[in-house]
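# Residue-level structure breakdown
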Amino acid sequence: MAPDAMRTAAHSLSDARPLAYWLDDPGRPAALPALTGDVRCDLLVVGGGYSGLWTALLAKERDPGRDVVLIEGQEVGWAASGRNGGFCAASLTHGLANGLERWPDEIGTLEELGARNLDAIEAAVARYSLDCDFERTGEIDVATQPHQLDELREWHRRTEELGLGGLEFLDREQVRSHVDSPTFLGGLLDRSGVAMLHPAKLAWGLKAACLGLGVRVHEHTPGLEIARSGTGVAVRTPYGRVFARDVALGTNVFPSLVRRVRPYTVPVYDYALMTEPLSADQLASVGWHGRQGLGDSANQFHYFRLSADNRILWGGYDAVYPYGGRLDPSLDQRPETFLKLAGQFFACFPQLSGVRFSHAWGGAIDTCSRFSAFFGTARRGRVAYAAGYTGLGVGATRFGAEVMLDLLSGRETERTSLAMVRSKPMPFPPEPFAWAGIELTKRSLARADSHGGHRDLWLRSMDRLGLGFDS
């Protein structure tokens, strides 16, 4: 970064608050009391992010008489569910390309289930009056390098041939008529497959909906240990125990209570900035009349979108894996990444020179080697789990909740018969091999971005094995 650009980037960050914009809200609900003593229930849900909240809500919708308890180690929505970019996508497979590569025989079904899932989320927002700034604006995948434009054009052609269309190819003038950046060479527009929302308000709204249906919610109550108890399961907490017929685990990036699941995921730290609200003139200089979400086509990609009050969220690019997979709160703030992101923001939108960032934050998400969620059961079918959403869990976690409830019911459904549900990703190797492999992959991805998309021998080998690393 040139010295002048670095000074501009640094100045723009000087007043940024070191916390997620979404969680910095006076309407944040007070935490509910921790669980004390022993309780019994039909279903215990562990985790108060989207995965757990949707599971508790859907369990009560399926059977209003079911006694459901949800426990959360800190506060509902405090982690990845409350600090993500707020992109709620229909895709269940981390994008059509990933799904087509892994499950070509059932991709049509997966796409249909994903579309129905997003429709169901939109319906739930209306039914429960969830005040979460839900806007079904769609998304544009933009090219900023010539090879990316060629790849988008070829991908558009292929999806049309396979009957998996719905995407519109945009040339340079067309994409800049939607959102104006001198770096945009073209793009693919998905008009209906992605919604924008306020992620923390979605979590808080789901919490209120669960309470309204009779779910018992206890915050500051981590699940510490799981064990059999008669024909059911017992989960120990700091001040008590929960005895349940069934348990659904929605802990994602945090170590699973089912130990054999832990090698399938690793934590990745992702980072984002939020600008101050744009003035009318600043917004007019960018356009963005359709308020779509955007992402660029690089391996080290950015995602960006407008908030309800016309701020720009700008995130992505760096994906940091801590050695040993240890969660470390000190990694939530990474000034070198924030400086890099700010410089890249002004390169994308030079017309916004002078805009300042109000918030800068980061945090861990879980990723797995196939980039999309995996599922399973333990304790003779009394415990179900879903994990590995890899940054696309705002929408897909509702589908994962349906899968967990299906698995616990013991009935085969359209969802449980999917190869995606019946299979597992490749687990990550132990250290130091996991760290070495991830670092080598990151360097190869960065090299591909700067060399016309050319994938080196390491990446080609990973492609053949169906393995990868992503945020």
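You'll find the structure just up there.
Cut-offs used in this document
- Residues numbered from 1 in each chain as written.
- Predicted model: local features only at pLDDT ≥ 70, side-chain atom pairs only at ≥ 80, totals over all residues.
- Heavy atoms only, no water.
- Pairing = 2+ DSSP bridges.
- Helix = DSSP H or I, 4+ residues; strand = E, 2+ residues; numbered from the N terminus.
- Axes fitted to C-alpha atoms, helices over the stretch in contact; angles between N-to-C directions.
- Contact = heavy atoms within 4.5 Å.
- Patch = residues over 30% accessible without salt bridge, like charges linked within 9 Å, V, L, I, M, F, W, Y side chains within 5 Å.
- Areas by Shrake-Rupley, 256 points an atom, 1.4 Å probe, with all protein chains shown as cover.
- Salt bridge = Lys/Arg side-chain N within 4 Å of Asp/Glu carboxyl O.
- Lys, Arg positive; Asp, Glu negative; His and termini not counted.
- Charge placed at Lys NZ, Arg CZ, Asp CG, Glu CD.
- Buried < 20%, exposed > 50% of the residue type's maximum accessible area, 1.4 Å probe, protein only.
- Parallel < 35°, antiparallel > 145°, perpendicular 65-115°, else oblique.
- Left-handed = near helix turned anticlockwise from the far one by under 90°.
- Nonpolar A, V, L, I, M, F, W, Y, C, P; charged D, E, K, R; others polar.

Let us look at the sheet that holds strand β6 (residues 186-190). Sheet architecture is open: eight strands sit in the order β5-β6-β4-β13-β14-β15-β12-β16, paired in mixed fashion. The sheet is open, and its two borders are formed by β5 (167-170) and β16 (357-367), each paired with just one other strand. Averaged over all pairs of adjacent strands, the angle between their axes in this sheet comes to 20°, without regard to strand direction. In the packing of helix α6 (residues 146-161) onto the sheet, the strands contacted are β4 (139-143), β5 and β6, and the crossing angle to β5 comes to about 145°.

Further remarks concern the environment of R40. Position of R40 among the secondary structure elements: in strand β1 (residues 37-46). With residues near it in sequence (within four places) discarded, R40 still touches D67, R216 and F243.

Side chains of R228, R260, R379, R380 and K424 sit close together on the surface and give a patch of like positive charge. Taking the relative accessible area as the measure of exposure, R228 reaches 48% and is therefore partly exposed.

Before going further, it helps to examine the packing of helix α2 (residues 50-62) against helix α11 (residues 393-409). Angle between the axes and distance between the axes are the two parameters that describe a pair of packed helices. α11 packs onto α2 with a crossing angle of 50° between their chain directions and a minimal axis gap of 8 Å. Considering the angle they form, α2 stands oblique to α11. Between α2 and α11 lies a crossing whose hand is right-handed. Contacts from Y50, S51, W54, T55, L58, A59 and R62 in α2 reach G393, V394, T397, R398, A401, E402, M404, L405 and D406 in α11. Here the residues of the contact of α2 with α11 are counted per class, giving eight nonpolar, four polar and four charged.

What the rule picks out here adds up to 31 salt bridges. Measuring nitrogen to oxygen at the nearest pair gives 2.8 Å for the salt bridge that ties R136 to D119. Taken together, the residues R136 in the loop between α5 (107-127) and β4 and D119 in helix α5 connect sequence positions 17 residues apart. Judged by its relative accessible area of 40%, D119 falls in the partly exposed class. Of the charged contacts in the structure, one is a salt bridge between R334 and D318, with a shortest N-O distance of 3.5 Å. In this pair, R334 is assigned in the loop between β15 (312-316) and α10 (335-348) and D318 in the loop between β15 and α10, connecting sequence segments 16 residues apart. In this structure, a network of salt bridges that share partners links the residues R62, R398, E402, D406 and R415.

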